[in-house]
Amino acid sequence: VTTASPASPAPRPKETPAAKEATELEPLILEAEAQDLVVIGNANCGAWIGKAIAESQFVAVVKTPVAPSTSVIVDARVAEEAQIKPEVLQRRWMAFRVRRLTGDPRLPLRELSALCDQLVQAGVEPRTLVPIDSRSYLLMSREHVQVSVTALVQCGHMVSPARRVVSAIPIPDTPTEVPDWQVGAWKLLQRHSAGTTKDCQKGDLFQCTLRIQAKCGIYCEVRSLERHEVTSDFHTQLSSYGMLRMDQSGARAWREPRVDFQVSKGSPTPFLRFTEGEDGSTLKEETLSTQGEMETWSKLLNAVGGSIGSISALELDSEDLAGLWIFAGNIFLRIIGVPKSQSLLGSHCCRSLTQLEHFQSQDAVQNELRKFEVLVGEVEQPGLLRARRSTWEGAGRLLLDARPAEAGGPTAGAVELQLEDGVVIHQEPDGKQLRWRVKEWTFDPFTVPAPEIPSEPEAASESESVSESVRKKQQKDAKAASKGAAPKAKAKAKAQAAQAASPKKEEKETDDEKEEKEVKKKKHKKNKEEDRERKRAVSESRSSSEVKRKKKKDKSRGRSERKDKKDKEREKRKKKKSQRSPSRSRSKSRSKRRKKNRRSRSRRKASASRKSSHSEGKKEEKKSTKEKHIQERRGSPVPEELPEREIRLRRFAEQSKLIPQAMEALRNLKADLQDKIMEEGPIKEGDGNPIIVLMNRIKEVAEWAQQEAERSEDKAPGTAPAEPAENAQAPETTPEVTKANGHAEVPDSMLVRAFYLQNQLPEEALETLKALPGEVLMNVLMRGPLEASENPMLALQKRIEEAR
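Keep in mind it's a predicted model, so treat the numbers as computed, not measured.

Draft legend 1. Spatial organisation of the overall build of the chain. For the chain, the count of helices and strands is 22 helices and 29 strands. A burial count over the chain gives 35% of its 804 residues as buried. The long-range share in the chain, meaning contacts at least 24 apart out of those at least 6 apart in sequence, stands at 60%. About 51,200 Å² of surface is accessible on the chain, with carbon and sulfur atoms providing 49% of the total.

Draft legend 2. A look at the packing of helix H15 (residues 644-656) against helix H16 (residues 660-667). The contact between H15 and H16 brings their axes to 11 Å, and the two run at 145°. Note on packing geometry: the crossing formed by H15 with H16 is right-handed. Between H15, through Glu 646, Leu 649, Arg 650, Phe 652 and Ala 653, and H16, the contact on the second element is made entirely by Met 663, Leu 666 and Arg 667. Of the residues in the contact of H15 with H16, the class split is five nonpolar, no polar and three charged.

Draft legend 3. Highlighting a nonpolar patch on the surface. On the surface, Ile 53, Val 59 and Val 61 cluster together into a nonpolar patch covering about 240 Å² of accessible area. Position of Val 59 among the secondary structure elements: in the loop between helix H2 (49-55) and strand S4 (60-62).

Draft legend 4. Inspection of the side chain of Lys 299 at higher detail. Looking at the element boundaries, Lys 299 is found in strand S18 (residues 294-299). Of the side chains with opposite charge, Glu 276 lies nearest to the buried Lys 299, which makes no salt bridge, at 7.0 Å. Of the polar contacts made by the side chain of Lys 299, one reaches the backbone oxygen of Val 183; its length is 3.2 Å.

Draft legend 5. Inspection of the pattern of salt bridges at higher detail. By the definition in use, this model includes 38 salt bridges. Salt-bridge contacts for Glu 80 lead to Arg 92; the nearest nitrogen and oxygen are separated by 2.9 Å. On the criterion of sequence distance, the pair formed by Glu 80 in helix H3 (residues 76-81) and Arg 92 in the loop between helix H4 (86-90) and strand S6 (93-99) is long-range, its members being 12 residues apart. The partly exposed category is assigned to Glu 80, whose relative accessible area is 43%. Residue class for Arg 92 comes out partly exposed when judged on its relative accessible area of 24%. For Glu 680, the salt bridge identified is with Arg 697, shortest N-O distance 3.1 Å. Of this pair, Glu 680 sits in the loop between helix H17 (671-679) and helix H18 (690-715) while Arg 697 is found in helix H18, placing the two residues 17 residues apart along the sequence. One network of salt bridges, in which partners are shared, links Arg 191, Arg 211, Glu 221, Arg 223, Arg 255, Glu 285, Glu 293 and Glu 295.

Draft legend 6. Representation of helix H20 (residues 763-770) in the model. Along H20, the residues classified as buried are Ala 765, Leu 766 and Leu 769. Viewed along the axis of H20, the buried residues span an arc of 105°, placing them on a single side of the element. Exposed residues lying more than 90 degrees from the buried face of H20 are Glu 763, Glu 764 and Glu 767.

Draft legend 7. Focus on unusual backbone geometry. Residue Pro 161 is reached from Ser 160 by a cis peptide bond, and omega for that bond is -10°. In this structure, Pro 161 sits in the loop between strand S9 (158-160) and helix H7 (162-165). With a phi angle near 80°, Ser 361 is a residue other than glycine that sits in the positive phi range. Overall, the relative accessible area of 36% leaves Ser 361 in the partly exposed class.

Parameters at a glance
Residues numbered from 1 in each chain as written. Predicted model: local features only at pLDDT ≥ 70, side-chain atom pairs only at ≥ 80, totals over all residues. Heavy atoms only, no water. Helix = DSSP H or I, 4+ residues; strand = E, 2+ residues; numbered from the N terminus. Buried < 20%, exposed > 50% of the residue type's maximum accessible area, 1.4 Å probe, protein only. Contact = heavy atoms within 4.5 Å. Areas by Shrake-Rupley, 256 points an atom, 1.4 Å probe, with all protein chains shown as cover. Axes fitted to C-alpha atoms, helices over the stretch in contact; angles between N-to-C directions. Left-handed = near helix turned anticlockwise from the far one by under 90°. Nonpolar A, V, L, I, M, F, W, Y, C, P; charged D, E, K, R; others polar. Patch = residues over 30% accessible without salt bridge, like charges linked within 9 Å, V, L, I, M, F, W, Y side chains within 5 Å. Salt bridge = Lys/Arg side-chain N within 4 Å of Asp/Glu carboxyl O. Lys, Arg positive; Asp, Glu negative; His and termini not counted. Polar contact = N/O pair within 3.5 Å; in protein donor to acceptor, adjacent residues only side chain to side chain. Arc of directions from axis to C-beta.

And the structure:
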């Protein structure tokens, strides 16, 4: 492992031909390893180096005569398991594998040193690692990775993967909504960068740089370069869509693009600052990472003159692609493409798309870009959507025309709204169907509104205005005839005068005819409206029925395919069963016999163990009698014979491995209760903690004694309980199983002492246990030892609360 020397402040000498070759370094590919590394100096690695070699994918061990201590480069996870010092673990390193684009992947040392010089000029000190017969590696501190990647990309190299080397900004826990004055549709007016100001306005609105910002944070921006600024039509787009994030203070913001038409350049995500204009119709966006870069945006207005505030946003529901379709008033933007986390553009860091085509082949990059789409369109009226600007297709094509035609049904495309489920299904005129999820919905741009029906007073006013105009014309003609007009005019005047002088009956008839005509007109209008509504319903039902038919066809196909698969599987199983030999049935019968034999053996062993325990007890009795006889012959004093009950208790304690405190608790019980406990046999090792098992048995015996006492009271209510035999009475100082307050209690001080010693409790706990009522105390003791904790007194208090 070598360290690149930092650049000296003194002026450099003239470059030699070899130095010129080193500076003119060909573009290289650097691939970051998946895991962080740790450099351990003075490592005593004999105990864990074998495990590190077996588990870690990156291990390097260095030991030289000059530095006899061993240095190890190993995976950080293995170092954590080996319990390395925290100071060493905090400084992480990242390994970059360096290779050429073509030819031998091994890199000459002069090219590797030239690469290190480029990083040193950027203020980074890398470490080089060149194993024998392998590729070269650069080790860089985790703190300087971002600066190193930016410098490498500026020098013309490619670094990958982008998600590993480009540090992401953590998302705040509390989501912040976008302020109202930033919400809406915006047009870029001018851009100020590096001391120059560029006017970005164009004559056609749909050819300008546009952005729509929603309240929930989702945004869509359509931006492009001029054709003379790039080498290919595929490189003109700078559009993107994603989320606008803000910190909790709201002073800074940053964009997280989900679909982006440009490659990552390795630089960190820039922070933004927004300021509102004085009149509220402009917005200034300042990039904080680069000084002097600012953009001025103007808010778009609708036909009435107010700002566009109503926004509806739809996100594409697809596994392979991501997209956004967002509407603001009569303008909409639509972007579809490969998600940045899955695309070639988002997984590599390089200078431009042209350089990415050099590294990854032009066909691969352009084939991915063909999946991208940008649309800028206009809502001419609700239900009529037209594209005014497109990436690969011409402008002016219809996306949807839901207006009812004379033949019935939409003339272009179809839409099915499932707003209850938050879904919009759009079928384009070419038959392509896309499913969209509703992210924000303030108005409906897809449905044609119903026509307004004029009310009856409005129709009456129209008829009155017509009659007044007719009367005025008659009066004018009469005046002209009186002044000596043409003979034709005089004839007309005479006819009109005759009509005016007609009787009242004819006037009444004309009034009736007018009323009939008005009624007929109203009926005709109603019939027309009904016909229109029927045509709309037919068109909507046709579009929805077509979608449902397609769904049914897909379901039926899936069902038929599943049935075919199941039938094939059944046939295969039948063939396998028919091909099986009769030896399998014999093996089954043998296995059954073996199981029966095992069960019988286990039963025999259990009976033998019982007999052996009984025989062992007899042998012990014989031994004790023999020892007595021998002592009598020798003349030595014979110890006093123990009572038979004491011998049984001791034998039970030895076989159950009980502590002396538990043995004392057992002695303090009555004789019939002792017999009841010992009838169940000694406590085995597999049953659990002997003290807990003994407590459970005592509890069961106490409940049995309580039930027996209640039965005796029911049989003889007036008589007092009989006293136990003299040989079964316990000492006066020891408590017995009694009945107090209607509950069975075992307030045994020795049992409490055993619980106290087992859980290592303080003396205060012993006093609190003794002060508890019998039933609560039994519940505390019967639940076994306390859970392991730093403060056993808190655990005991929790147990007492649970027992109560």
